[in-house]
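Structural characterization, general
Spelled out from the first residue to the last, the chains are:
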Amino acid sequence: MEIIKYIILGIVQGFTEPLPISSSGHLLIFKNLFNLNLGDLNFEIITNFGSLLAILFLYRKKIIKIIKEFFLYIKTKEKKYYSNFKYALLIVVGTIPAGILGLLFKDKIELISSNVKYVGIALLITALALFIVKNINGKKDDSDITYKDAIKVGLFQAIALLPGISRSGATLTGALLCNIKKDKALDFSFMLYIPISLATMILGVSDLVSSPDVKNLILSYFLGFLFSMIVTYFALKLFIDIVKKNKLIYFVIYCLIVGTLVILFL
């Protein structure tokens, strides 16, 4: 039964990570429902890494192009490479706010993460944010995004460090408010996710290795990781399709219902 619980949590992480409904919040909700006390953040780190690999795979062509042209511009200074050189810098700039606040308030965030009522309130906030931007489709392309835009979107990502505030929802909201085209806003949202997720994994490795429970949970962690990776791949494809169809209202309704139920019953 314990293994089944970890598999379910891996599926929950995988499904909710790319969607604007908060993966950390849903993991906390399901832990409460299952009365499953993991005692640390190791499982979230491992399943988050599974989600990261799926997102890297889906965006692999864009990522390779950005990295390649970043270094080609440094080497040649040719104008045709400048757009992706700048885009890479925008990702770095947009990552800074969440990186700084994550390091400064890590302990306080973990303390809040233990209270499921906060998740319910945060889901209602997520619902409101998505409702505000649900019909917005900006005009800015990748090359039009400014460093000021990147900082703004990065601040939205920093807010999403709180469980229940969806990271993808917050960054998509921030990007749309910066007048970025909806599809480009979605791309930029997940480009910002990659360095944050990598940093989380790297910083969590020492805790993971030193944890006395790791040896007993290797199979459970691996299955959670595997299911998280597979489900994230399909969930992200679903999210991209929903955004293209301009149906963010689905997530507004979902967050409103789940947030209300959490506040009332958990």
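Residues numbered from 1 in each chain as written. Predicted model: local features only at pLDDT ≥ 70, side-chain atom pairs only at ≥ 80, totals over all residues. Heavy atoms only, no water.

Scanning the protein chain from terminus to terminus reveals 12 helices and 0 strands. In terms of principal-axis extent, the alpha carbons of the protein chain reach across some 55 × 40 × 35 Å. Relative to its 266 residues, the protein chain shows a buried fraction of 49%. The long-range fraction of contacts in the protein chain, counting pairs at least 24 apart against all pairs at least 6 apart in sequence, stands at 81%. Carbon and sulfur atoms make up 70% of the accessible area of the protein chain, which totals about 13,400 Å². Within the protein chain, the 17 negative side-chain charges are centred at a point lying 8 Å from the centre of the 29 positive side-chain charges. (Helix = DSSP H or I, 4+ residues; strand = E, 2+ residues; numbered from the N terminus. Buried < 20%, exposed > 50% of the residue type's maximum accessible area, 1.4 Å probe, protein only. Contact = heavy atoms within 4.5 Å. Areas by Shrake-Rupley, 256 points an atom, 1.4 Å probe, with all protein chains shown as cover. Lys, Arg positive; Asp, Glu negative; His and termini not counted. Charge placed at Lys NZ, Arg CZ, Asp CG, Glu CD.)

This next bit is on the nonpolar core. Residues Tyr-59, Phe-188, Met-191, Phe-239 and Phe-251 are the most contacted members of the largest nonpolar core, which totals 49 residues. It is helix H10 (residues 182-210) that provides the largest number of residues to this core, a total of 8 residues. Aside from chain neighbours lying at most four places away, what touches Met-191 is Tyr-59, Lys-62, Ile-63, Ile-66, Tyr-87 and Ile-91. Among the nonpolar cores identified, the runner-up in size contains 9 residues, and Leu-9, Leu-27, Tyr-221 and Phe-225 belong to it. (Core = buried A, V, L, I, M, F, W, Y, C linked by side-chain atoms within 4.5 Å.)

Okay, the packing of helix H8 (residues 147-159) against helix H9 (residues 167-177) next. Two elements in contact, H8 and H9, have axes separated by 8 Å at closest approach and are oriented at 155°. In terms of axis orientation, H8 runs roughly antiparallel to H9. Regarding H8 and H9, the two cross each other, and that crossing is right-handed. For the pair formed by H8 and H9, the contact residues are Val-153, Phe-156 and Gln-157 on the first element and Arg-167, Ala-170, Thr-171, Thr-173, Gly-174, Ala-175 and Leu-177 on the second. Of the residues contributing to the contact of H8 with H9, the split by class is 5 nonpolar, 4 polar and 1 charged. (Axes fitted to C-alpha atoms, helices over the stretch in contact; angles between N-to-C directions. Parallel < 35°, antiparallel > 145°, perpendicular 65-115°, else oblique. Left-handed = near helix turned anticlockwise from the far one by under 90°. Nonpolar A, V, L, I, M, F, W, Y, C, P; charged D, E, K, R; others polar.)

With that settled, consider a nonpolar patch on the surface. A cluster of nonpolar residues, Tyr-118, Ile-121, Ile-125, Ile-253, Ile-257, Leu-261, Ile-263, Leu-264 and Phe-265, forms a patch on the protein surface that exposes about 890 Å² of accessible area. Looking at the nonpolar patch, the elements that each hand over two or more residues are helix H7 (116-133) and helix H12 (249-265). Sort the elements by how many residues they give to the nonpolar patch and H12 lands first, with 6 residues. Residue placement: Ile-125 occurs in helix H7. According to the relative accessible area criterion, Ile-125 is partly exposed, its value standing at 46%. (Patch = residues over 30% accessible without salt bridge, like charges linked within 9 Å, V, L, I, M, F, W, Y side chains within 5 Å. Salt bridge = Lys/Arg side-chain N within 4 Å of Asp/Glu carboxyl O.)

Averaged over every residue, the pLDDT of the protein chain is 90; the share at 70 or more is 91%. The weakest mean pLDDT in the protein chain belongs to helix H6 (residues 106-112) at 69; the strongest belongs to helix H4 (residues 60-76) at 97. (pLDDT = per-residue confidence, 0-100.)

On to H8. With 13 residues, H8 ought to run about 18 Å at 1.5 Å a step, and its terminal C-alpha atoms sit 19 Å apart, in line with that. For H8, the full list of buried residues reads Asp-149, Ala-150, Val-153, Gly-154, Gln-157 and Ala-158. (Expected span 1.5 Å × (residues − 1).)

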